[in-house]
Amino acid sequence: MINYYVRVIIMIITFCGHSQVIFTDEEKSVLRNILVGEINKNPTCKFYLGGYGDFDGLCLRTLRELKHDFPTIEILFITPYLDKNYSKLELAKYYYDDVIFPPIESVPRKFAILKRNEWMVEQADLVIAYVKYSWGGAAKALEYAKRKKKRIINIAK
């Protein structure tokens, strides 16, 4: 008897982008095409989102649309807080497949989002960014991804 083993490699993709952005139709199309291309290469992709701002919103909407055609993908909310009063946790069950709390429980609350973003980058095989400016949380996450030598696609024009 011959035993065959199938090794499933799960690709993790995360995002970082400015919180207030107006996207062109071309940028939306570029994002969609990148996501479809990555899913076609690996239909078991997991997508880590932080749930903040316009870019995360665009990514979430696009992924939810794509999930109809690619039901094996997972859309995951990575929460910086486990506080039951954190409103995003309640909303997450409606929009995401699951919620992950990274091992940052000892981090002071004011640094939780930064550390959560760093954790997402560390886990990721690919970081899709929308970063035009050198300041703010998105720029910090992108710089961190560069230091970690992650594969990065920045769709900002």
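Just so we're clear, the structure is a prediction, and the values are computed from it rather than from any experiment.

What counts as what
- Residues numbered from 1 in each chain as written.
- Predicted model: local features only at pLDDT ≥ 70, side-chain atom pairs only at ≥ 80, totals over all residues.
- Heavy atoms only, no water.
- Pairing = 2+ DSSP bridges.
- Helix = DSSP H or I, 4+ residues; strand = E, 2+ residues; numbered from the N terminus.
- Expected span 1.5 Å × (residues − 1).
- Contact = heavy atoms within 4.5 Å.
- Phe/Tyr/Trp six-rings, centres within 6.5 Å; stacked < 30°, edge-to-face > 60°.
- Buried < 20%, exposed > 50% of the residue type's maximum accessible area, 1.4 Å probe, protein only.
- Core = buried A, V, L, I, M, F, W, Y, C linked by side-chain atoms within 4.5 Å.
- Axes fitted to C-alpha atoms, helices over the stretch in contact; angles between N-to-C directions.
- Left-handed = near helix turned anticlockwise from the far one by under 90°.
- Nonpolar A, V, L, I, M, F, W, Y, C, P; charged D, E, K, R; others polar.

**Thoughts on the pairing of strand β6 (residues 151-154)**
No. 1: Alignment of strand β5 (residues 126-130) against β6, held across 4 bridges, turns out to be parallel. When the bridges of β6 are listed, I128 appears paired with I153.

**Quick look at helix α4 (residues 112-123)**
No. 1: Over its 12 residues, α4 runs 16 Å from end to end, which matches the ideal 16 Å to within 8%, given 1.5 Å per residue.
No. 2: In this fold, the buried residues of α4 make contact with β1 (12-17), β2 (46-49), β3 (74-78), β4 (98-100), β5 and α5 (136-147).

**Here we look at the packing of aromatic side chains**
No. 1: The tally for this structure, following the rule as stated, stands at 8 aromatic pairs.
No. 2: Ring geometry for Y48 and W119: centres 5.7 Å apart, planes at 0°, overall stacked. One end of the pair, Y48, is in strand β2; the other, W119, is in helix α4, with 71 residues separating them in the sequence. Each member of the pair, Y48 as well as W119, is classed as buried.

**Details of the nonpolar core**
A general tendency of soluble globular proteins is for nonpolar side chains to be buried together.
No. 1: The biggest cluster of nonpolar side chains holds 33 residues, and the ones touching the most others in it are F15, F47, L49 and I128.
No. 2: Those elements that provide at least two residues to this core are β1, α1 (25-41), β2, α2 (53-69), β3, α3 (87-95) and β5.
No. 3: Considering each element in turn, this core owes the most residues, 6 residues, to α2.
No. 4: L49 has contacts with F15, D56, C59, L60, L63, I75, L76, F77, I78, Y96 and M120, leaving out every residue within four places of it along the chain.
No. 5: Membership of the second largest hydrophobic core comes to 18 residues, among which are I12, W119, A138 and A145.

**Here's the deal with the packing of α4 against α5**
No. 1: The contact between α4 and α5 brings their axes to 10 Å, and the two run at 35°. Here α4 runs over α5; the crossing is right-handed. Of the residues in α5, those touching α4 at L114, N117, E118, V121 and E122 are K140, A141, Y144 and A145.
No. 2: Residues of the contact of α4 with α5, tallied by class, amount to 5 nonpolar, 1 polar and 3 charged.

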